[in-house]
Amino acid sequence: MVPEAEVQDVLAELQRLRARVPLLSGALAASTDGLVLAHDTPGVEAEGVAALTAAALGVSVRMTDATGRGGFRELLVRGETGYIATYAAGSSAVLTLLAEDRINVGRLHLEGRRSGSRIGELVDAALERTPQPAPGPRAPAPSAPHQPGPLPHRPT
C-alpha cells in the first residue's frame, strides 16, 4: 500500500494537472489491479473507473504482447462526448484522465505522459521504501486469466 504522504502528493499532481488542462473533467491514479490511489473525479465513481481501467489495461497489455508492440504505454478511448485516456505510471500504477470532446488531444497526451511519469516516480519510490511482509503459507491459487502485473518503466 502507498503511504498517506505519497497519496497526498499524487492527489496534488492530479489537481495541478486539472488546473493546467481546463478541458479535463477528471483524473484518477490507480494501481494496476484496480485500486484507487487518488482521484479528482467530480461526479464520477472513482472505484468503478479504477476497476474498469484495470480491465482495459489487461486487454491492452495482451494486445501489445500479441502484436509485438512492446510494453503498455497508453490507451485512448473516444466516446460521443469525450475521451478517456490511460497512461502507464511507473511499474505498478496507471493514470486515467477524463476529457471533454473539444480537448486538444496532443496536449492531453503531453500533459498525461508528464503527469504519469511524475506519479509513477512517487508511487514506485513509496513502494520501494515500504517493507514487504514475509511470505506465509498460502493456499493454491485458482487458475485465472492473465491479470495485469507491473508495467515497464517509461523513460522520461
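A quick note: this is a predicted structure, and the numbers were derived from the prediction, not measured.

## Observations concerning helix 2 (residues 46–66)
Consideration 1: Its 21 residues place the ends of helix 2 30 Å apart at the C-alpha level, agreeing with the 30 Å of an ideal helix rising 1.5 Å per residue.
Consideration 2: Restricting attention to buried positions, one finds in helix 2 the residues Ala46, Val49, Ala50, Thr53, Ala54, Leu57, Gly58, Ser60, Val61 and Thr64.
Consideration 3: Check the buried side of helix 2 and you find it contacts strand 1 (24–31), strand 2 (36–40), strand 3 (74–79), strand 4 (82–89) and strand 5 (93–100).
Consideration 4: Backbone geometry just downstream of helix 2 places Gly68 in the positive-phi region, at approximately 70°.

## Brief notes about the sheet that holds strand 4
Consideration 1: Read from one edge to the other, the open sheet built from five strands follows the order 2-1-5-4-3, with strand pairing classed as antiparallel. Edge positions in the sheet fall to strand 2 and strand 3, since each has one partner strand and no second. Within the sheet, the average angular offset between the axes of one strand and its neighbour, ignoring direction, is 10°.
Consideration 2: Bridging between strand 4 and strand 5 involves eight bridges; their strand directions are antiparallel. The residue bridging Ala88 from the neighbouring strand is Val94, located in strand 5.

## Some thoughts on the side chain of Thr86
Consideration 1: Tracing the sequence through the fold places Thr86 in strand 4.
Consideration 2: A relative accessible area of 6% means that Thr86 is categorised as buried.
Consideration 3: Of note is the side chain of Thr86, whose polar atom sits 3.1 Å from the side chain of Thr96.
Consideration 4: Ignoring sequence-local partners within four residues, the contact set of Thr86 consists of Thr53, Phe72, Arg73, Glu74, Leu75, Val94, Leu95 and Thr96.

## Thoughts on the pattern of salt bridges
Consideration 1: Applying the stated rule across the entire model yields nine salt bridges.
Consideration 2: Arg78 is paired through a salt bridge with Asp101; the nearest N and O atoms lie 3.4 Å apart. Residue Arg78 is located in strand 3, and its partner Asp101 is located in the loop between strand 5 and helix 3 (105–129); the two are separated by 23 residues in the primary sequence.
Consideration 3: With a relative accessible area of 31%, Asp101 lands in the partly exposed category.
Consideration 4: For Glu111, the salt bridge is made with Arg107, and the minimal N-O distance between the two is 3.8 Å. Taken as a pair, Glu111 and Arg107 lie in helix 3 at a separation of four residues, close to a single helical turn.
Consideration 5: The buried category is assigned to Glu111, whose relative accessible area is 8%.
Consideration 6: Salt bridges linked by common partners bring Glu13, Arg16, Arg20, Arg107, Glu111 and Arg118 together as one network.

## Re the pairing of strand 5
Consideration 1: Where burial is concerned, most of strand 5 is hidden: seven out of the eight residues are buried.
Consideration 2: Relative to strand 5, strand 1 runs antiparallel, the two being bridged by seven bridges. Looking at strand 5, one finds that Ser31 is bridged to Ala93.
Consideration 3: Once strand 4 ends, the chain turns through three residues before running back antiparallel as strand 5, passing Gly90 with a positive phi of about 75°.

## Concerning helix 3
Consideration 1: Over its 25 residues, helix 3 runs 36 Å from end to end, which matches the ideal 36 Å to within 8%, given 1.5 Å per residue.
Consideration 2: For helix 3, the full list of buried residues reads Leu108, His109, Glu111, Gly112, Ser115, Gly116, Ser117, Ile119, Gly120, Val123, Asp124 and Ala126.
Consideration 3: Looking at the buried positions of helix 3, the neighbouring elements they touch are helix 1 (4–20), strand 1, strand 2, strand 3, strand 4 and strand 5.

Quick notes on the rules
- Residues numbered from 1 in each chain as written.
- Predicted model: local features only at pLDDT ≥ 70, side-chain atom pairs only at ≥ 80, totals over all residues.
- Heavy atoms only, no water.
- Helix = DSSP H or I, 4+ residues; strand = E, 2+ residues; numbered from the N terminus.
- Expected span 1.5 Å × (residues − 1).
- Buried < 20%, exposed > 50% of the residue type's maximum accessible area, 1.4 Å probe, protein only.
- Contact = heavy atoms within 4.5 Å.
- Pairing = 2+ DSSP bridges.
- Axes fitted to C-alpha atoms, helices over the stretch in contact; angles between N-to-C directions.
- Polar contact = N/O pair within 3.5 Å; in protein donor to acceptor, adjacent residues only side chain to side chain.
- Salt bridge = Lys/Arg side-chain N within 4 Å of Asp/Glu carboxyl O.

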